[in-house]
Amino acid sequence: SYWWFAGSAQWFEIALAVLIVSCPCALSLATPTAISATLGRMQSRGLLVRRSMAMEKLNQVTHVVFDKTGTLTQGKPLLKQVLCMPNCDSAECLAIAASLEQHSAHPLAQALLRAADRIDEHGVGEHVVTSIVSTAGGGLSGVIDGVQYCIGNYDFIRLQARVDMPADWLASIASEAVTAVFLTRADEALTMFTFVDEMREDALATVASLRALGKSVLLMTGDRAPAARLVAAQVEIDDWRAQMSPQQKMKAVQMLQAAGAKVLMVGDGINDAPVLAAADV
């Protein structure tokens with residue numbers, strides 16, 4: 001206080017030097033103590049922080065990117081419709097799909113498994129699947145009784161199974177806010193499953209609060225445009241992008257970062273691992 005009253009221009013530096021010399025431990029412990037207290041408080045509210053550095057980066061965030069399924073929506077899709085080729089039995093196709101999807105943790109896979117459980121009284125049973133190959137953000141393939149089956153989204157089926165879906169199937173979902181999964185056997189289409197997913201009750205309020213903080217909010221999803229458009233409209237997100245693979249999401253976030261943005265990514269599921277790793281938080 002003497003140097004302040006004496007009018008020295010270096011009063012702050014002098015006072016700080018005295019504090020550092022007299023009590024270095026207090027200053028060096030202040031920041032980690034504050035971070036530890038914050039992490040404990042967050043954990044008590046159900047938030048697990050893997051790296052404390054994320055707390056410092058969180059304050060710098062300019063853009064918040066949401067995945068759709070399990071983040072803005074409840075992540076518990078319900079099977080809405082099963083369309084089969086004329087020579088196929090819907091219960092049998094559902095059993096085949098469930099047998100394949102046992103090897104996936106995706107919410108749509110779990111929805112198919114739940115639906116298959118409900119028809120189990122028909123005695124369909126499970127199929128033994130071998131040679132399982134899973135493609136993140138696409139689907140999976142496997143062999144049942146020596147025959148190759150594939151299940152996944154349209155892009156995956158077109159590239160992996162090289163099978164074109166019936167035009168009337170694609171037309172039926174062109175404008176609907178549903179998610180479609182297709183099942184093929186060898187080189188033929190078998191089934192199209194469609195799903196709906198309810199919104200989280202606090203999704204709109206969450207997006208609004210982020211926007212009130214001055215953050216830019218985006219939606220990036222692997223689902224089709226009609227479903228993405230509906231969710232974006234319900235939570236009032238103008239910048240939305242559909243049918244994005246995990247790699248495309250990652251590249252989109254990296255482009256934002258290259259333009260100077262600090263990105264918080266909110267995702268659910270292993271498919272979002274690449275973009276979650278690329279985000280600042």
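This write-up is about the structure you can find in this document. (Residues numbered from 1 in each chain as written. Predicted model: local features only at pLDDT ≥ 70, side-chain atom pairs only at ≥ 80, totals over all residues. Heavy atoms only, no water.)

## Examining the environment of Ala203
Going by this rule: Strands are runs of DSSP state E lasting at least two residues, helices are runs of H or I lasting at least four, and both sets are numbered from the N terminus onward. Should any heavy atoms of two residues lie within 4.5 Å, those residues are considered in contact.
Here Ala203 shows up in helix 10 (residues 203-212). On a C-alpha basis, the gap between Ala203 and Thr73 in space is 7.7 Å, while along the polypeptide they are 130 residues apart. Those residues in contact with Ala203, other than ones at most four positions away along the chain, are Leu72 and Val235.

## Some details on the layout of surface pockets
Keep this limit in mind: With a 1 Å grid laid over protein atoms only, a set of points is called a cavity when a 1.4 Å probe fits there but cannot get out and a pocket when it is open yet has protein on both sides within 12 Å along at least five of seven lines; lining residues have an atom within 4 Å of a point. Grid points are joined across faces, edges and corners, and a volume is the space filled by probe spheres set on the points. Gly counts as polar in this scheme, as do all residues outside two lists: the nonpolar Ala, Val, Leu, Ile, Met, Phe, Trp, Tyr, Cys and Pro, and the charged Asp, Glu, Lys and Arg.
Here the largest pocket is characterised by a volume of approximately 1200 Å³. Taken together, 48 residues line the largest pocket, and the ones lying closest to its centre are His106, Gly137, Gly138, Asn153 and Asn271. Elements with a contribution of two residues or more to the lining of the largest pocket: helix 7 (107-118), strand 3 (130-135), strand 4 (139-144), strand 5 (147-152), helix 8 (154-161), helix 9 (167-173), strand 6 (179-185) and helix 12 (246-258). In terms of residues, the lining of the largest pocket owes the most to one element, helix 8, which gives five residues. Considered class by class, the residues forming the lining of the largest pocket number 20 nonpolar, 20 polar and eight charged. Looking at the second largest pocket, it is lined by 23 residues, and the ones nearest its centre are Leu48, Ala54, Leu58, Leu264 and Val281. Residue assignment for the lining of the second largest pocket shows that the elements contributing at least two residues are helix 4 (53-58), strand 10 (263-266) and helix 13 (273-278). Element by element, the count of residues in the lining of the second largest pocket is highest for helix 4, at five residues. Looking at the lining of the second largest pocket residue by residue, the class counts come to 18 nonpolar, no polar and five charged.

## A few points about helix 10
Heads up, the condition is: Residue exposure (1.4 Å probe, protein chains only): buried if accessible area is under 20% of the type maximum, exposed if over 50%, otherwise partly exposed. Here the arc refers to the set of directions running from the helix axis out to each C-beta atom.
What helix 10 keeps buried is the set Ala203, Val207 and Leu210. What you see down the axis of helix 10 is that its buried residues fit within an arc of 60 degrees, all on one side. Away from its buried face, by an angle of more than 90 degrees, helix 10 presents the exposed residues Ala205 and Ala212. Each element contacted by the buried residues of helix 10 is listed here: strand 1 (63-66), helix 5 (68-72), strand 8 (216-220) and helix 11 (225-235). Positioned one or two residues after helix 10, Gly214 has a phi angle of 90 degrees, which is positive.

## A short note on the pattern of salt bridges
Let me state the cut-off plainly: The term salt bridge refers to a side-chain nitrogen of Lys or Arg lying within 4 Å of a carboxyl oxygen of Asp or Glu.
All chains considered together, the criterion is met by six salt bridges. In this structure, the salt-bridge partner of Asp155 is Arg158, at a minimum N-O distance of 3.1 Å. Note that Asp155 and Arg158 are positioned in helix 8 at a spacing of three residues, about one turn of the helix. For Asp155, a relative accessible area of 30% gives the class partly exposed. In this structure Arg158 comes out as partly exposed when scored by relative accessible area, which is 40%. Across the pair Asp239 and Arg241 runs a salt bridge whose closest N-O atoms are separated by 3.3 Å. Through salt bridges with shared partners, a single network forms among Asp67, Lys249 and Asp272.

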